[in-house]
Amino acid sequence: MSLELRPRTAQAPGPEVLFSAAEIAARIGTLADEIIADPVMVEAARPPLAVCALRGAFMFTADLMRALSARGLDLEVTFLQVASYGSGTAPQGPVTLLQDTDSTAAGRPVLLIDDILDTGHTLAFLQTHLRAQGATGIVSTVLLDKTERREAGVSADHIGFDCPNVFVVGYGMDADGRYRGLPYVGVL
Ligand code: IMP
Ligand code: MG
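First, a word on scope: everything that follows refers to the structure included in this document. (Residues numbered from 1 in each chain as written. Chains lettered and ligands numbered in written order. Predicted model: local features only at pLDDT ≥ 70, side-chain atom pairs only at ≥ 80, totals over all residues. Heavy atoms only, no water.)

For the rest of this paragraph, the subject is the site of ligand 1. Every one of the 15 residues lining ligand 1 counts as a neighbour, but Asp115, Thr119, Thr122, Lys146 and Val168 are closest to it. Separating an oxygen atom of ligand 1 from a backbone N or O atom of Gly120 is a distance of 2.8 Å. A distance of 2.7 Å separates an oxygen atom of ligand 1 from a polar side-chain atom of Lys146. Expressed as a share of its isolated accessible area of 480 Å², the protein-covered part of ligand 1 is 91%. Every element with two or more residues in the shell around ligand 1 is listed here: strand E5 (109-117) and helix H4 (121-133). If you tally residues by element for the shell around ligand 1, the top one is E5, at 4 residues. Classifying every residue of the shell around ligand 1 gives 6 nonpolar, 4 polar and 5 charged. (Near = heavy atom within 4 Å. Polar contact = N/O pair within 3.5 Å; in protein donor to acceptor, adjacent residues only side chain to side chain. Areas by Shrake-Rupley, 256 points an atom, 1.4 Å probe, with all protein chains shown as cover. Helix = DSSP H or I, 4+ residues; strand = E, 2+ residues; numbered from the N terminus. Nonpolar A, V, L, I, M, F, W, Y, C, P; charged D, E, K, R; others polar.)

See below:
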């Protein structure tokens, strides 16, 4: 079976590029430098645990972990899944935990990785959840920060890019399940 590649054409254009694959790769390199120098990471008595918020952060997590490893920091990783969006493009009700981590954060610092910080309810929920698990410290990183829409009083420690208040897809992020595999961040 051969995989048929379908180039994007003028008739079937992909989402417009907001952050290109090259821009993302370059920023993740400098982000990894910043994270490695973070005092919580430097002073950790036990090896930090990376926690990836599924599903949107899977690609960012993979590339960030490779960048950290290339700089000498190999992290254990675990995953959890939260939902607040359903199939829409605006948060729908409270954040719910669909799947918890399988390695506990008890007694160790956590590098919490998410795709987008928007209203902030997801990050606030995850921080509370990981503290309740017993994490000794939390360093949070998000690829994109939509500062305009903040409702919860949270901020991320390390931010990839400031993002305008538009609905983005690609590089792990979806619109109703589509576009997660795009190698760039685009706008519909
Ligand atoms: P918050 O709880 O409002 O901060 O929402 C954060 C979550 O909403 C992120 O983890 C994303 O999964 C999702 N999200 C927010 N904005 C977008 C977007 O533009 N495209 C895709 N997902 C988004
Ligand atoms: Mg998410």
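A separate point is the nonpolar core. Formed by 28 residues in total, the largest nonpolar core has its most connected members in Leu64, Leu111, Leu143, Leu144 and Val185. Within the residue set of this core, elements represented by two or more residues are helix H1 (21-37), strand E2 (49-54), helix H3 (58-70), E5 and strand E6 (137-145). Non-local contacts of Leu111, meaning those with residues more than four positions away in its chain, are made with Ile35, Met41, Leu49, Ala50, Val51, Leu64, Leu68, Leu75, Val139 and Thr141. (Core = buried A, V, L, I, M, F, W, Y, C linked by side-chain atoms within 4.5 Å. Buried < 20%, exposed > 50% of the residue type's maximum accessible area, 1.4 Å probe, protein only. Contact = heavy atoms within 4.5 Å.)

A cis amide bond links Leu54 to the next residue, Arg55, at an omega of -5°. Locating Arg55 in the fold gives a position in the loop between E2 and H3. Of note, Asp176 is a non-glycine position whose phi angle comes to about 50°, a positive value. By the secondary structure assignment, Asp176 is in the loop between strand E8 (168-169) and strand E9 (185-187). Positioned with a positive phi, Tyr179 is a non-glycine residue whose angle comes to about 80°.

Under the 1.5 Å per step criterion, the end-to-end length of H3 is 18 Å for 13 residues, consistent within 8% with the ideal 18 Å. When we look at burial in H3, the residues that qualify are Met59, Phe60, Thr61, Leu64, Ala67 and Leu68. Phi turns positive, to about 95°, at Gly72, one or two residues after H3. (Expected span 1.5 Å × (residues − 1).)

A separate point is the sheet that holds E2. The 6 strands lie next to each other as E4-E3-E2-E5-E6-E7, forming an open sheet whose pairing is mixed. Edge positions in the sheet fall to strand E4 (96-99) and strand E7 (158-162), since each has one partner strand and no second. Shown here is a sheet whose adjacent strand axes are inclined to one another by a mean of 25°, direction ignored. When E5 meets E6, the two strands line up parallel, connected through 8 bridges. Its bridge partner lying in E6, Asp114 is registered against Val142. (Pairing = 2+ DSSP bridges. Axes fitted to C-alpha atoms, helices over the stretch in contact; angles between N-to-C directions.)

A word on the environment of Leu188. Of note, Leu188 is situated in the segment after E9. Here Leu188 falls in the exposed class, since its relative accessible area comes to 58%. Taking the C-alpha atoms as reference points, Leu188 and Val166, separated by 22 residues in sequence, lie 8.7 Å from one another.

With that settled, consider the pattern of salt bridges. All chains considered together, the criterion is met by 7 salt bridges. Its salt-bridge partner being Arg149, residue Asp118 comes within 2.7 Å of it at the nearest N-O pair. Of the two residues, Asp118 is situated in the loop between E5 and H4 and Arg149 in the loop between E6 and E7; the sequence distance between them amounts to 31 residues. Since its relative accessible area comes to 7%, Asp118 is described here as buried. Looking at Arg149, the relative accessible area reads 25%, which means it is partly exposed. (Salt bridge = Lys/Arg side-chain N within 4 Å of Asp/Glu carboxyl O.)

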